[in-house]
Number of protein chains: 2
Amino acid sequence: MNYRNMNSDQRREELARCKAEFDRLKSVGLKLDMSRGKPGKEQLDLVSDILTVLRNPEDCVADGMDARNYGGLSGLPCARAYFADLLGCRPEECFVGGNASLALMYDTISKAYTHGLLHSEKPWAKLDQVKFLCPAPGYDRHFRVTESFGAELLTVEMTPDGPNMDQVEELVKDPAVKGIWCVPKYSNPDGIVYSDMTIRRFAALKPAAPDFVIMWDNAYCVHEFEGDFVPFPDIISLCREAGNPDMVFEYASTSKITFPGGGISVMASSEANIAYLSKLMGVQIISYDKVNQLRHVRYLKNKEETLRLMKKHAAVLGPKFRMVLDTLEREIEPLGIAEWQKPRGGYFVSVNTMDGIAKRTLELCKEAGVIMTAAGATFPYGKDPRDRNIRIAPSLPPVDELRQAMEVFCVSLRLAALEKLGS
Amino acid sequence: MNYRNMNSDQRREELARCKAEFDRLKSVGLKLDMSRGKPGKEQLDLVSDILTVLRNPEDCVADGMDARNYGGLSGLPCARAYFADLLGCRPEECFVGGNASLALMYDTISKAYTHGLLHSEKPWAKLDQVKFLCPAPGYDRHFRVTESFGAELLTVEMTPDGPNMDQVEELVKDPAVKGIWCVPKYSNPDGIVYSDMTIRRFAALKPAAPDFVIMWDNAYCVHEFEGDFVPFPDIISLCREAGNPDMVFEYASTSKITFPGGGISVMASSEANIAYLSKLMGVQIISYDKVNQLRHVRYLKNKEETLRLMKKHAAVLGPKFRMVLDTLEREIEPLGIAEWQKPRGGYFVSVNTMDGIAKRTLELCKEAGVIMTAAGATFPYGKDPRDRNIRIAPSLPPVDELRQAMEVFCVSLRLAALEKLGS
């Protein structure tokens, strides 16, 4: 029964029930961590054949290049071709990096500050003010990159179709607004897939800043855990066709395809952008780990093979997400105290509680031994203005632990709601 | 016979001999590249067992951590311990990175510009002027890092004991002087090992800038190709003992121990510096490739095992360096037109010709099909004021090719000298 429709007596009874249930769960002494989107051991094991794909010196030669030696700043040609296949862009538009796409994003922003981007009038460090758009809820690590350089973070509302594009189109009229963070497919944390219209409006943006940059983190480009692969437009061609060829940088990695701690990453953009940034990157590195690039190409082969592998990941992840979504539907939906998207890919379930109880809910979870991503983390500066967004990361714990964690979460949420509603 | 002691007729005859010899070599149509300190294929093959050191999931767990998953920003504990053993510092002083120590150096300087170092009054980007000391001949990639941020590069003379410390001690009285680049053991390109006195004077520096940084690139810390391992003092303890605990950052990598294109790297400094920089690095990356870190620790084990492996590298490199040094001694020394150090480690032989003929010598080499590091590259801004330094990198070509390349080099040098001396 919806909590708001209960009378005082009913709420008092419900509170008592919840407290008893909470105390029981607390006494179990759980120690569960659902704070980060880490793959579980089963997923890591299922790709561990990659360890021995390269076995001897002859295996290490590709494209006439010995992957073991120096050289090849922008990546092995076969690795560039692999990511082009995955993302639907051209190999020449791909710059293949080390194990962290976050590092490539950071490099882009860092160089914008110290050297400027291709169309910058001056390095951003020389400007009085830099503003950056942050669709929220979003990915805390994105926001922190721009925050660490002193940019002012402006929150953009998220809708079921992606960022509120009316708001974006308005905000980019300010020449101090230099860019926007996006996770276009299975957004972190909502799991929203940007609609075709949203994507087209992105490609057609007419920002006042000539060096405005769309940071297109396609982290979950092939990461369906439910149903078949969902094709997704290539933002780089769309921007080119819309007359904005150099406006977007796209990122992806194999962190959640092979190993989070030992994958490869890519930065994709117009050839002009890649040429410009490669010159700057060439000052900092001779080449990224090409042995690991080759290991990945030999193991993952191409998009088709990769999609086959992602089905195996889905077989592990699907039941975990269904457990979370089913539990929420059963335990929480009837109470009218929270809402959430029902993602079919990505790594998170994002719950919006009634206003003002996200922090309290997570406090209670912690008290009962379940650590979740800190409340507010999904907003710029870690401050959720309505204190309502909670990011659930179901990937790491085994299903049994997840069940326990969700029990704790649901009763904590109910308690927090009842405390707020009063009796 | 010394060219300077020849009379006109003798020189004319010698010139004719050289020209004939040069034309003969040119007609062979060589295509040799000695421009970079790349290990040769034989060296890469001898370490390729590292490819299969990790074979299955269980192999990937170390220090209670699954190397395949996220986490561990400063590196696997066993990798930190490995580098501490190698360098003679403490594990807590080591931050283990990806395949490129150059990237860690770049990060340090980049963050000094955007955020400041531990003792910076402000980020260097906010200062009117930053000057950086460059002992030269030195490593072009070092110089380019600071140049790319707009620092003014000041050349410091190299002596057989290391940088001229009288000059360094004088220059650091200028508060705009923010640091110095050093390759303390088998310096690039001279192959000089800094003397104990030089190292102690470094540790005891009293720079005017509170955030002065010694960039101690110990790239060749175990890279003897002749004779036994030469122990080397730990600069981090020396700085601590001299009351300058946070003045030095040391770097090293396995690029020339295992694979240049797939090794691991380290940045070592005081715990306070590592803590400070880790906070900034944590914005750009979750962790470096820990699978490769573990692969390296399992393969290289410790300093003792690594030194055994370096003997095998020496067995490949030694003959190449001896060929270069013997050829120079036989062909050039009697002529009095060039001088060089006789290194016992590192990757280069650095030749100082008589003034004003380095460029011309390399032009002739190129004409005959032998590419060497561009003249001037070993000096700030790529400008050798006396046009005399040439860096020979003998590691890549097989001995036979190297013999041909050295023939070309010697005759080119003789020709250039004779042109200069006139008849």
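Right, let's walk through the structure included here. (Residues numbered from 1 in each chain as written. Chains lettered and ligands numbered in written order. Predicted model: local features only at pLDDT ≥ 70, side-chain atom pairs only at ≥ 80, totals over all residues. Heavy atoms only, no water.)

Observations regarding the overall build of chain A
Here is step 1 of the chain: Within chain A, the regular secondary structure consists of 13 helices and 15 strands.
Here is step 2 of the chain: Here chain A has a C-alpha radius of gyration of 23 Å; the compact-globule value for 423 residues is 22 Å, and the two agree.
Here is step 3 of the chain: Considered along the principal axes of its C-alpha atoms, chain A spans approximately 75 × 55 × 30 Å.
Here is step 4 of the chain: Per-residue burial over chain A gives 63% buried out of 423 residues.
Here is step 5 of the chain: Within chain A, contacts between residues separated by at least 24 positions form 76% of all contacts whose residues are at least 6 apart in sequence.
Here is step 6 of the chain: Split by element, the accessible area of chain A, about 15,400 Å² in all, is 49% carbon and sulfur. (Helix = DSSP H or I, 4+ residues; strand = E, 2+ residues; numbered from the N terminus. Rg over C-alpha atoms; globule rule 2.2 N^0.38 Å. Buried < 20%, exposed > 50% of the residue type's maximum accessible area, 1.4 Å probe, protein only. Contact = heavy atoms within 4.5 Å. Areas by Shrake-Rupley, 256 points an atom, 1.4 Å probe, with all protein chains shown as cover.)

Here we look at unusual backbone geometry
Here is step 1 of the chain: At the junction of N188(A) and P189(A), the peptide bond is cis and its omega measures out at 10° in the coordinates.
Here is step 2 of the chain: Position of P189(A) relative to the elements: it lies in the loop between strand 8 (177–182) and helix 7 (196–203).
Here is step 3 of the chain: Residue D387(A) is not a glycine yet carries a positive backbone phi of 45°.
Here is step 4 of the chain: As for its position among the elements, D387(A) is in the loop between strand 14 (370–372) and strand 15 (389–392).
Here is step 5 of the chain: In the Ramachandran plot, K301(B) falls in the positive-phi region, its phi being about 65° despite a non-glycine side chain.
Here is step 6 of the chain: Summarising the element assignment, K301(B) is placed in the loop between helix 10 (290–300) and helix 11 (303–332).

Brief notes about the relation of the copies chain B and chain A
Here is step 1 of the chain: Each copy superposes on the other: chain B lies on chain A with an RMSD of 0.0 Å after a rotation of 180° and an axial shift of 0.0 Å. Put plainly, the chains are arranged around a two-fold axis. No C-alpha of chain B approaches the rotation axis more nearly than that of T52(B), which lies at 2.9 Å.
Here is step 2 of the chain: Most of the interface of chain B is mirrored in chain A: 100% of its interface residues are interface residues there too. (Least-squares fit on C-alpha atoms with pLDDT ≥ 70 in both.)

Digging into the side chain of N164(A)
Residue and element names in this part refer to chain A.
Here is step 1 of the chain: Within the secondary structure, N164 sits in the loop between strand 7 (162–163) and helix 6 (165–171).
Here is step 2 of the chain: Engagement of the side chain of N164 in a polar contact is seen with the backbone nitrogen of Q167, the distance being 3.1 Å.
Here is step 3 of the chain: Excluding anything up to four places from it in sequence, N164 contacts V156, E157 and T159. (Polar contact = N/O pair within 3.5 Å; in protein donor to acceptor, adjacent residues only side chain to side chain.)

Re the interface of chain B and chain A
Here is step 1 of the chain: Facing the 55 residues of chain B at the interface are 55 residues of chain A.
Here is step 2 of the chain: Approximately 4,500 Å² of surface area, both sides summed, lies buried where chain B meets chain A, with 55% of it carried by carbon and sulfur atoms.
Here is step 3 of the chain: Our count for the contact surface shared by chain B and chain A stands at 2 salt bridges.
Here is step 4 of the chain: Salt-bridge contacts for R68(B) lead to D45(A); the nearest nitrogen and oxygen are separated by 2.8 Å.
Here is step 5 of the chain: Our count for the contact surface shared by chain B and chain A stands at 26 residue pairs in polar contact (both at pLDDT 80 or more).
Here is step 6 of the chain: Broken down by secondary-structure element, the contributors of at least two residues to the side of chain B that touches chain A are helix 2 (41–46), helix 4 (101–114), helix 5 (140–148), helix 9 (271–284) and helix 10 of chain B.
Here is step 7 of the chain: With 6 residues, the top contributor of residues to the side of chain B that touches chain A is helix 4 of chain B.
Here is step 8 of the chain: Across the side of chain B that touches chain A, the residue classes break down as 24 nonpolar, 17 polar and 14 charged. (Buried area = accessible area lost by both parts, 1.4 Å probe. Salt bridge = Lys/Arg side-chain N within 4 Å of Asp/Glu carboxyl O. Nonpolar A, V, L, I, M, F, W, Y, C, P; charged D, E, K, R; others polar.)

A word on the sheet that holds strand 13 (residues 349–353) of chain B
Residue and element names in this part refer to chain B.
Here is step 1 of the chain: An order of 12-13-15 is seen for the 3 strands of this open sheet, with the pairing classed as antiparallel. In the strand order of this sheet, the two ends are held by strand 12 (338–340) and strand 15 (389–392), each with one partner. With strand direction ignored, the average angle separating the axes of adjacent strands in the sheet is 25°. (Pairing = 2+ DSSP bridges. Axes fitted to C-alpha atoms, helices over the stretch in contact; angles between N-to-C directions.)

Observations regarding the nonpolar core
Here is step 1 of the chain: Residues W216(A) and W216(B) are the most contacted members of the largest nonpolar core, which totals 122 residues.
Here is step 2 of the chain: Discounting residues that sit within four places of it in the chain, W216(B) has contacts with C182(B), P184(B), Y194(B), I199(B), F202(B), F232(B), I235(B), V248(B), F249(B), E250(B) and Y251(B). (Core = buried A, V, L, I, M, F, W, Y, C linked by side-chain atoms within 4.5 Å.)

A short note on helix 4 of chain B
All names here are of chain B.
Here is step 1 of the chain: A rise of 1.5 Å per residue sets the reference length of helix 4, with its 14 residues, at 20 Å; its end C-alpha atoms lie 20 Å apart and thus fit the reference within 8%.
Here is step 2 of the chain: With 14 of 14 residues buried, helix 4 lies mostly within the body of the structure.
Here is step 3 of the chain: Within two residues after helix 4, G116 carries a phi angle of roughly 90°, on the positive side. (Expected span 1.5 Å × (residues − 1).)

Regarding the pairing of strand 5 (residues 131–136) of chain B
Residue and element names in this part refer to chain B.
Here is step 1 of the chain: Counting buried residues in strand 5 gives 6 out of 6 residues, a clear majority hidden from the surface.
Here is step 2 of the chain: In strand 5, alternate side chains face the same way, and those of K131, L133 and P135 on one face and F132, C134 and A136 on the other are all buried.
Here is step 3 of the chain: Both strand 5 and strand 6 (residues 152–159) contribute to a ladder of 6 bridges, which runs parallel. Bridge assignment links L133 to a residue of strand 6, and that residue is L154.
Here is step 4 of the chain: Viewed along the sheet, the connection from strand 5 through helix 5 into strand 6 turns out right-handed.
Here is step 5 of the chain: Examined bridge by bridge, strand 5 and strand 8 (residues 177–182) share 3 bridges and lie parallel to one another. Looking across to strand 8, one finds that K131 is bridged to V177. (Right-handed = clockwise from strand over helix to strand, strands pointing away.)

Considering the packing of helix 11 of chain B against helix 13 (residues 399–421) of chain B
Residue and element names in this part refer to chain B.
Here is step 1 of the chain: Direction vectors running N to C along helix 11 and helix 13 enclose 30°, while the axes themselves pass 10 Å from each other. Comparing the axis directions of helix 11 and helix 13 gives the class roughly parallel. Our pair here, helix 11 against helix 13, has a crossing hand that is right-handed. In this structure, helix 11 uses K320, M323, V324, T327, L328, E331 and I332 to contact helix 13, whose residues at the interface are V399, L402, R403, M406, F409, C410, L413 and R414.
Here is step 2 of the chain: Looking at the contact of helix 11 with helix 13 residue by residue, the class counts come to 10 nonpolar, 1 polar and 4 charged. (Parallel < 35°, antiparallel > 145°, perpendicular 65-115°, else oblique. Left-handed = near helix turned anticlockwise from the far one by under 90°.)

Brief notes about the packing of aromatic side chains
Here is step 1 of the chain: For the coordinates displayed, the defined rule picks out 24 aromatic pairs over all chains.
Here is step 2 of the chain: Here the aromatic rings of F95(A) and Y288(A) are separated by 6.0 Å at their centres, their planes lie at 85°, and the arrangement is edge-to-face. Pair noted here: F95(A) is in strand 4 (residues 94–96) and Y288(A) is in the loop between helix 9 (271–284) and helix 10 (290–300), with a separation of 193 residues, a long-range link. This pair shows no difference in class: F95(A) is buried, exactly as Y288(A) is.
Here is step 3 of the chain: Judged by centre distance (5.6 Å) and plane angle (75°), the ring pair of Y113(B) and W124(B) falls under edge-to-face. Note that Y113(B) is positioned in helix 4 and W124(B) in the loop between helix 4 and strand 5, a separation of 11 residues in sequence. Accessibility assignment for this pair places Y113(B) and W124(B) in one class, buried.
Here is step 4 of the chain: Each member of the aromatic cluster is reached from another via a ring pair, and the members are Y106(A), Y113(A), W124(A), F132(A), F149(A) and W181(A).
Here is step 5 of the chain: Cation over ring: K256(A) sits above Y347(A), and NZ or CZ is 5.2 Å from the ring centre. (Phe/Tyr/Trp six-rings, centres within 6.5 Å; stacked < 30°, edge-to-face > 60°. Lys NZ or Arg CZ within 6 Å of the ring centre and 35° of its normal.)

This is a description of form; function is not addressed.
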